[in-house]
Structure formats: structure tokens, C-alpha cells
Amino acid sequence: MAGLCQQPAGPVERMNLEQVIDGKAVRRILIASGQTIEVGRATAAKLGIASDQSMSARHFAVVDEDGQCRARDLGSRNGTFVNGAQIAEVVLRDGDRIEAGDSTFVVRLSRDRTAKYDESEGSLALIPFLEFANKTPFSVATLRWSDLDDNPKLTVVVKATFGIPAAGDDAYPAPRQLPIFDADIMTSGKQAVLFESDRVPFKPCTDIVLVGRAHAPDGTPVSELIAGVSVGRVRHSITVIGDRQWETSLGTPRMSPARPFLSMDLVYERAFGGIDGTSGAYCEENHIGTGYVGGQSGARLKGLKLPNLEDPRNLIRTWNSRPRPVGVGFYGRGWAPRLAYAGTYDENYMKERHPRLPSDFSYRFFNGAHPDLQVPGYLQGDEEVILLNVCSGASRVHFRLPCLLPTIKIERWATPPEQWIQERATGDGSLPNDFPLNEEPLKPVLDTLVFVPDKGVFYQVFRAVCGLSSLESLEVARVRVTC
């Protein structure tokens, strides 16, 4: 795995954020590739906005990642506007105008083939507040949140995308790294989640997820096969069966023969479950599946689609079979047993804790894998992986997870930055760059592993948590990520 974390070579997109007064650029800050810069009343004496009382202390951030520059509002009082429209987050283009408080900024983008991250240049141009110094090719993001005891926290998320290797080879960093998913990505039918958001505060165990299809070996149609994923000691197999439905013969329900198939989507719509429209009953473990019958009789079964995905240890035998739904994708938040982890939202909750999380909330709710694919104690890296009949052209793929644990450190202000700015600012508003920062190592864990075989990649999400003095605190100056 030599060179695992080397930065990719090539041109670097550079962005200048210009503060404009009366149509003229009066200040300029360079934002290098991979940086995140926060702008606000207390964050940029060099930009001369400390006197803008209409601007929040942490007003907006400019993020440069994955080849795009974005503006992101930070919960400001008066909002952030790009070209006159209020935004939560938006991709920036050359010439865009950002308005925050009474200040205006203009975006200038350029491509510089010799540009490199210049840490001294960045720190001189802007007082660092939650700035990223990412020395890896991987995607990085942060999240502020409060735990169940109202303790403010900061989570650092690192997402590493790898190519699925050929037989006998090591996994390798993918040339195109996937971004941090800020929100869920839905399936085309909008019934289920394809990829869950990476922006969750904490997971108490590791999710193993596979997003893809089962493929018939050797490209020959089959009516049934076994597909599965194995990671370390976790082994999960699914019997994949061709399309069938319930038929009746002399009033007796029976299954039609399975139709041969070449590939089959491994989605919960094809697993046991669903809603019985006649009785109104539903499968608590899978609302969107098929084959569930809620009545006491199989008289109305004719034409009901049977599941394609079944538990090989508990196959459907009769119309009133109630197998546990199986799958490898992300599991619905409203399904049992995951829903129970969300806690109780009753009248007492509304009176005593709203809008905070309920006192009986469990962080297991943030684990989105099928219950059989959640690993207590976290994966460690170097586990053996076996993918069975889920990779087109290769019925069995075997490799080991990378021995990777990114090093995550934060630099925390030793003196409250607002106080330091007041004490050290000169008459023209400039500041020295000898910031009083203390380095603090964090302990990341590998809590999400997602295989996407049809795209030839998998990704790992590492998460590290530290405490804050408050959610509005500016105490974290910089997040450093290396490996």
C-alpha cells in the first residue's frame, strides 16, 4: 500500500474571494484546493469585516473540494445570498456575488498548474476557524451536534474511496474520490434510500452495505443463485430467485416456476415485506417489499408477486410464511428494529425535551446497515473480503481491506480568538500569524463500509469526535488529516 495517501497530480483549481466596496475589490483571500474557510464577524480581520454588525460571528463557509467550490450558510441570523438568492449551500461559479450582512464578496476562479496548498499563505490571509488541512486524496467534512446530555460535540468525517481490485491485488485509492454525501440519495423509484447521508454524528458499530445486483455466473441465465458478502467474521448470504407469483389450483395456493434471469437488483422492494392493501396490515421490518399477507386466509393470493430475495435458512414454503426480510442495502429508518432506536416522541417529550433528542434515543439509530450486517466493536482494516455473485464477470472476488486509519488532529485556540483579535490587531486591522494553537489528536473509527460492485468501487467512512465549549464556539482553528 505504498503511496496510499499521495495527492493526485495535475492542475489545482484556485479561488479568490474578493471583498467589494463601492464596486472595487478592497481585500482578497486565496482559497487553495482542499481548504474550507469560514467567514464571519469574528473570523477575518484581514478581510476587514469585524465591524459588520449585520454579519454573524460564523456567517458562511467557502468549501473547495472534489473539484467544486461551494458556499454554505452556517445558520447565520440574516442569511447568505448568492446572486440575490438566499442559499443553504450552492456551487459557486466565476463572478458569483456573495452577500452576507452588509458585506459583498465576488468569486474569482482560476486554474493554476503550479499551484499547491500554501499553509502560510492561507493562515496569513484569514484567521483560521475550522479550516481543513487535508493531506490525503480523501473527502473530509465536519458536523456540530449536541449529545443526549446536551454536551456540544464536533465530528470529523473522512471518506476514502477505493477501487475493487482484481484477483490477488491490493485495493487502491480510486482516481475519482466520492464526495461526502450531505443528504440521502434515493432510488429511482423514490421508495428507498440508495445511499444514506455520511453526515451523522456518531455510529456505535460498523455498517457493512452493498449497493448493486446479483449476477448469474458465466453470463448464463439461472432461476436461482446464492449472492453474498463476507467481511472478516461477518458472512451474509441471500438466495436470489427469479420472478414468481402466487397461483391457485383447486383453491390451493402454489408458487409459479421461477423465471431465469441474468441479473437481479438487490433491493428491499424484492425482499419479503410490503403492505396488504386488503387488511391494511404491513410488515414492520420492510414496508416496501412483496409477498406479505396480513389476512387469515390465502384466498386472495392469486397474482401476488413473491420475493426474489430470501433467507437461504428460512425459505418461503407456504402462503402464511413470515420470514425475516433479507437484504444488503441501507435499511429503512422507519422499519423494525431500527425504528425502536429513535426513542419516544410522546406528550412528555414535547413538554420536557423538544426539540432535543428523546432521553431514550439510541445512537444505534444512525447505523443504517441491515441488522445482520452491523459489526460490534468496529472493523479494524485488513479484514478479508469475499463478494459472491455480485460482480459482473467475476462470480467470486476476494481481497483484503486496506490497512488504513487516517490520522486526525485538531488545532484548538489556547486563547479565545475574539480576545486574541482584540489584543493583537494593529491600527490597519492586520494581525500576526503566530496563532496560539494547541494540537489535539482524535481517535477515528471505521464505522461505514459500502461496496458498489457495478461501479468497481467501495468506500470507507472514518469518524472522530471531540468536545466543544458550545455549538457557537470558534475554538477549533484547524482540522488536520493525514495518513
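Residues numbered from 1 in each chain as written. Predicted model: local features only at pLDDT ≥ 70, side-chain atom pairs only at ≥ 80, totals over all residues. Heavy atoms only, no water.

### Considering the overall build of the protein
Within the protein, the secondary structure is distributed over 3 helices and 34 strands. Taken over 483 residues, the protein has a buried fraction of 51%. Just so you have it, the protein exposes about 22300 Å², and 48% of that area is on carbon and sulfur atoms. (Helix = DSSP H or I, 4+ residues; strand = E, 2+ residues; numbered from the N terminus. Buried < 20%, exposed > 50% of the residue type's maximum accessible area, 1.4 Å probe, protein only. Areas by Shrake-Rupley, 256 points an atom, 1.4 Å probe, with all protein chains shown as cover.)

### Quick look at the environment of Leu-306
As for its placement among the helices and strands, Leu-306 is situated in the loop between strand 25 (290-291) and strand 26 (309-310). Taking C-alpha positions, Leu-306 is 6.2 Å from Thr-290, a pair spaced 16 residues apart along the chain. Aside from chain neighbours lying at most four places away, what touches Leu-306 is Arg-244, Gln-245, Trp-246, Met-255, Thr-290 and Ile-316. (Contact = heavy atoms within 4.5 Å.)

### Some points on the pattern of salt bridges
According to the stated counting rule, one finds 27 salt bridges in the structure shown. For the salt bridge of Glu-475 with Arg-412, the shortest nitrogen-to-oxygen distance reads 2.6 Å. Here Glu-475 is found in the loop between strand 33 (457-467) and strand 34 (476-482), whereas its partner Arg-412 is found in strand 30 (residues 407-413), with 63 residues between them in sequence. Taken as a pair, Glu-475 and Arg-412 share a single burial class, namely buried. One network of salt bridges, in which partners are shared, links Glu-131, Glu-411, Arg-478 and Arg-480. (Salt bridge = Lys/Arg side-chain N within 4 Å of Asp/Glu carboxyl O.)

### A closer look at helix 3 (residues 417-424)
Buried within helix 3 are the following residues: Pro-417, Trp-420 and Ile-421. Buried residues in helix 3, looked at end-on, bunch into an arc of 100°, giving them a common side. Of the residues in helix 3, the exposed ones pointing more than 90 degrees away from the buried face are Gln-422 and Glu-423. Close packing links the buried residues of helix 3 with strand 30. (Arc of directions from axis to C-beta.)

### Details of unusual backbone geometry
The residue after Ala-336, namely Pro-337, is reached through a cis peptide bond having omega 5°. Note that the residue after His-354, namely Pro-355, is joined by a cis bond; omega there is 5°. Note that Pro-355 resides in the loop between helix 2 (347-352) and strand 27 (374-376). At Asn-389, a residue that is not glycine, the phi angle is positive and equals roughly 55°. Along the chain, Asn-389 falls in strand 28 (residues 384-391).

### Quick look at the side chain of Lys-203
Structurally, Lys-203 can be placed in the loop between strand 16 (193-195) and strand 17 (205-210). Note on Lys-203: relative accessible area 4%, which makes it buried. A distance of 2.8 Å separates polar atoms of two side chains, one belonging to Lys-203 and the other to Thr-448. With near-sequence residues (within four places) excluded, Lys-203 lies in contact with Phe-366, Asn-367, Tyr-378, Asp-447, Thr-448 and Arg-463. (Polar contact = N/O pair within 3.5 Å; in protein donor to acceptor, adjacent residues only side chain to side chain.)

### Here we look at the sheet that holds strand 26
Pairing is antiparallel across the open sheet formed by 5 strands, whose spatial order is 26-20-19-28-29. Edge positions in the open sheet fall to strand 26 and strand 29 (394-400), since each of these has one partner strand only. Examined bridge by bridge, strand 19 (residues 224-231) and strand 28 share 4 bridges and lie antiparallel to one another. Within strand 28, the residue paired with Val-231 across the bridge is Val-385. (Pairing = 2+ DSSP bridges.)

### A few points about the pairing of strand 19
Burial within strand 19 is extensive, with 6 of its 8 residues counted as buried. Relative to strand 20 (residues 234-241), strand 19 runs antiparallel, the two sharing 8 bridges. Within the sheet, the bridge partner assigned to Leu-225 lies in strand 20 and is Val-240. Counted along the chain from strand 19 to the antiparallel partner strand 20, the turn is 2 residues long, and its residue Gly-232 has a positive phi close to 60°.

### Digging into the sheet that holds strand 31 (residues 437-441)
Here we have 4 strands laid out as an open sheet, ordered 11-34-30-31, and mixed in their pairing. A single partner strand is all that each edge strand has here, and the edge strands are strand 11 (131-134) and strand 31. Within the sheet, the average angular offset between the axes of one strand and its neighbour, ignoring direction, is 20°. The pairing of strand 11 with strand 34 spans 4 bridges and is parallel. (Axes fitted to C-alpha atoms, helices over the stretch in contact; angles between N-to-C directions.)

### Observations concerning the nonpolar core
If you look at the biggest cluster of nonpolar residues, it comprises 74 residues, and the most contacted ones within it are Val-231, Val-240, Leu-387, Phe-451, Phe-458 and Val-479. The element best represented in this core is strand 33, accounting for 7 residues. Once residues lying within four places of it in the same chain are set aside, the contact partners of Val-479 are Leu-130, Glu-131, Phe-132, Ala-133, Thr-142, Val-156, Ile-408, Lys-409 and Ile-410. Formed by 18 residues, the second largest nonpolar core is a distinct cluster that contains Phe-60, Cys-69, Val-82 and Ile-98. (Core = buried A, V, L, I, M, F, W, Y, C linked by side-chain atoms within 4.5 Å.)

### Points about the pairing of strand 29
Looking along a regular strand, one sees side chains alternate from face to face of the sheet. Judged from the 6 bridges that link them, strand 28 and strand 29 form a sheet pairing that is antiparallel. Looking at strand 29, one finds that Leu-387 is bridged to Val-397. The turn joining strand 28 and strand 29, which pair antiparallel and follow one another in sequence, is formed by 2 residues; a positive phi near 90° is taken by Gly-393.

### Quick notes on the environment of Arg-176
Mapped onto the elements of the fold, Arg-176 is located in the loop between strand 14 (172-173) and strand 15 (185-186). Sequence-wise, Arg-176 and Pro-137 are 39 residues apart; in three dimensions their C-alpha atoms are separated by 9.1 Å.

### Description of the side chain of Arg-463
Relative to the helices and strands, Arg-463 resides in strand 33. Within polar-contact distance, the side chain of Arg-463 engages the side chain of Asp-447 at 2.6 Å.

### A short note on the environment of Thr-80
Tracing the backbone through its elements, the reader meets Thr-80 in strand 6 (residues 80-82). Accessibility expressed as a relative area gives 0% for Thr-80, which makes it buried. Considered as a pair, Thr-80 and Phe-60 are 20 residues apart in the sequence and their alpha carbons are 6.8 Å apart. For Thr-80, the contacting residues outside a window of four places in its chain are His-59, Phe-60, Asp-73, Ala-85, Gln-86, Ile-87, Ile-98 and Glu-99. Polar side-chain contacts of Thr-80 include one of 2.6 Å to the side chain of Asp-73.

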